[in-house]
Amino acid sequence: MDNEALEIIQKIKNAMDCLLRNDKFLITNDTNERTITHKLAEYLQQEFSEWNVDCEYNRHGEEIKKIDIPKDGINWDDIEQRTVFPDIIVHKRNTNKNIVIIEVKKSTNSISRAFDENKLKAFTTDPYNYKFGFFLLINVVNGPYELDLFRNGREIPI
């Protein structure tokens, strides 16, 4: 794994450490994912001070973000284009400079992670070309988390 990837992973871990240290209540009390992602985005902004960190940002320049994804969330034989709202992105607004996209899921969420993983595969390829995609699974019971990396449309072992 290259140094840039390791640096990005460390920044996300730093932000998660802050979230777990300062706002564990939000996790252990099973607060809405949007509440958790907003607070995490605040800590990420400190780590990525030269970038914009936004939650549920659905624009690509002047256009609405849309990706082709399987209708059933898994099977790529039957796709449709959907408007999407990434949980957290690190980018430069109104440019094509997209560095990080993060999809967050709580362990108590019963919806399959496949949809989020497919979004990350799509967002790390044309036309959005996020350099790094992350799937972040937050364990509501005791706070630890899992972090999976996506690059160039595929999952990369960390």
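Each chain carries its own residue numbering, running from 1 in the written order of its sequence. Only residues with pLDDT of at least 70 are given local features in this predicted model, and only at 80 or more are side-chain atom pairs given and counted; all residues enter the totals for whole chains, interfaces and linings. Processing note: side-chain calculations cover all non-hydrogen atoms of the structure and skip hydrogens and water entirely.

> A description of the packing of aromatic side chains should follow, citing residues and the corresponding values.
The criterion for an aromatic pair is that two Phe, Tyr or Trp rings (for Trp, the six-membered ring) have centres within 6.5 Å, with stacked assigned to planes under 30 degrees apart, edge-to-face to planes over 60 apart and tilted to the rest. Inspection of the entire model under this criterion finds two aromatic pairs. Ring geometry for Phe123 against Tyr128: centres 5.1 Å apart, planes inclined by 50 degrees, an arrangement best described as tilted. Comparing Phe123 with Tyr128 shows no difference in burial state: the two are buried. Ring geometry for Phe123 against Tyr130: centres 5.8 Å apart, planes inclined by 90 degrees, an arrangement best described as edge-to-face. For Phe123, a relative accessible area of 0% translates into the label buried. A relative accessible area of 2% means that Tyr130 is categorised as buried. Pairwise contacts between aromatic rings join Phe123, Tyr128 and Tyr130 into one cluster. Burial classes follow relative accessibility: with a 1.4 Å probe on protein chains only, a residue under 20% of its type's maximum area counts as buried, one over 50% as exposed, and anything between as partly exposed.

> Outline a nonpolar patch on the surface, supporting the account with residue identities and numerical values.
Note on patches: the residues involved have over 30% relative accessible area and no salt bridge, like charges join within 9 Å, and the nonpolar side chains Val, Leu, Ile, Met, Phe, Trp and Tyr join within 5 Å. With residues, only the protein chains shown are counted as cover, and all accessible areas are computed by Shrake-Rupley using a 1.4 Å probe. Each reported salt bridge corresponds to a side-chain nitrogen of Lys or Arg within 4 Å of a carboxyl oxygen of Asp or Glu. Judged by side-chain polarity, Met1, Leu6 and Ile158 come together as a nonpolar surface patch covering roughly 300 Å² of accessible area. Every helix listed is a DSSP run of H or I at least four residues long, and every strand listed is a run of E at least two residues long, numbered separately from the N terminus. Structurally, Leu6 is set in helix α1 (residues 3–22). Overall, the relative accessible area of 44% leaves Leu6 in the partly exposed class.

> Would you mind going over the sheet that holds strand β1 (residues 52–55) in detail, with residue names and values included?
When DSSP finds two or more bridges between a pair of strands, those strands are recorded as paired. Taking strand neighbours across the sheet as the criterion, the six strands line up as β1-β6-β7-β8-β9-β10 in an open arrangement whose pairing is mixed. Lying at the two open borders of the sheet, with one neighbouring strand each, are β1 and β10 (154–156). In this sheet, neighbouring strand axes are inclined to one another by 25 degrees on average, regardless of whether the strands run parallel or antiparallel. Strands β7 (98–106), β8 (132–138) and β9 (145–151) of the sheet are contacted by α1, whose axis makes an angle of about 30 degrees with β8. Here the axes come from fitting lines to C-alpha atoms, over the contacting stretch only for helices, and the angles between their N-to-C directions go from 0 to 180 degrees. Working rule for contacts: check all heavy atoms of both residues, and any pair within 4.5 Å makes them a contact.

> Tell me about the pairing of strand β6 (residues 88–91), residues and numbers included.
Of the two faces of β6, the one carrying Ile88 and Val90 and the one carrying Ile89 and His91 are both buried. With four bridges joining them, β1 and β6 adopt antiparallel strand pairing. The partner of Asn52 across the bridge, within β6, is His91. Between β6 and β7, which pair antiparallel and follow one another directly, the connecting turn spans six residues, one of which, Asn94, has a positive phi of 60 degrees.

> A description of α1 should follow, citing residues and the corresponding values.
To estimate the expected span of a helix, count its residues, drop one, and scale the result by 1.5 Å. Here α1 contains 20 residues, and its C-alpha end-to-end distance of 28 Å stays within 8% of the 28 Å for a straight helix at 1.5 Å per residue. Of all the residues in α1, the buried ones are Ala5, Ile8, Ile9, Lys11, Ile12, Ala15, Met16, Cys18 and Leu19. Here the buried face of α1 lies against α2 (24–28), α3 (33–47), β7, β8 and β9. With a side-chain oxygen positioned 3.1 Å from the backbone nitrogen of Glu4, the residue opening α1 is Asp2. Definition of a polar contact: a pair of N or O atoms within 3.5 Å, with one able to donate and the other able to accept a hydrogen when the atoms are protein atoms, and with sequence-neighbouring residues admitted only if both atoms are side-chain atoms.

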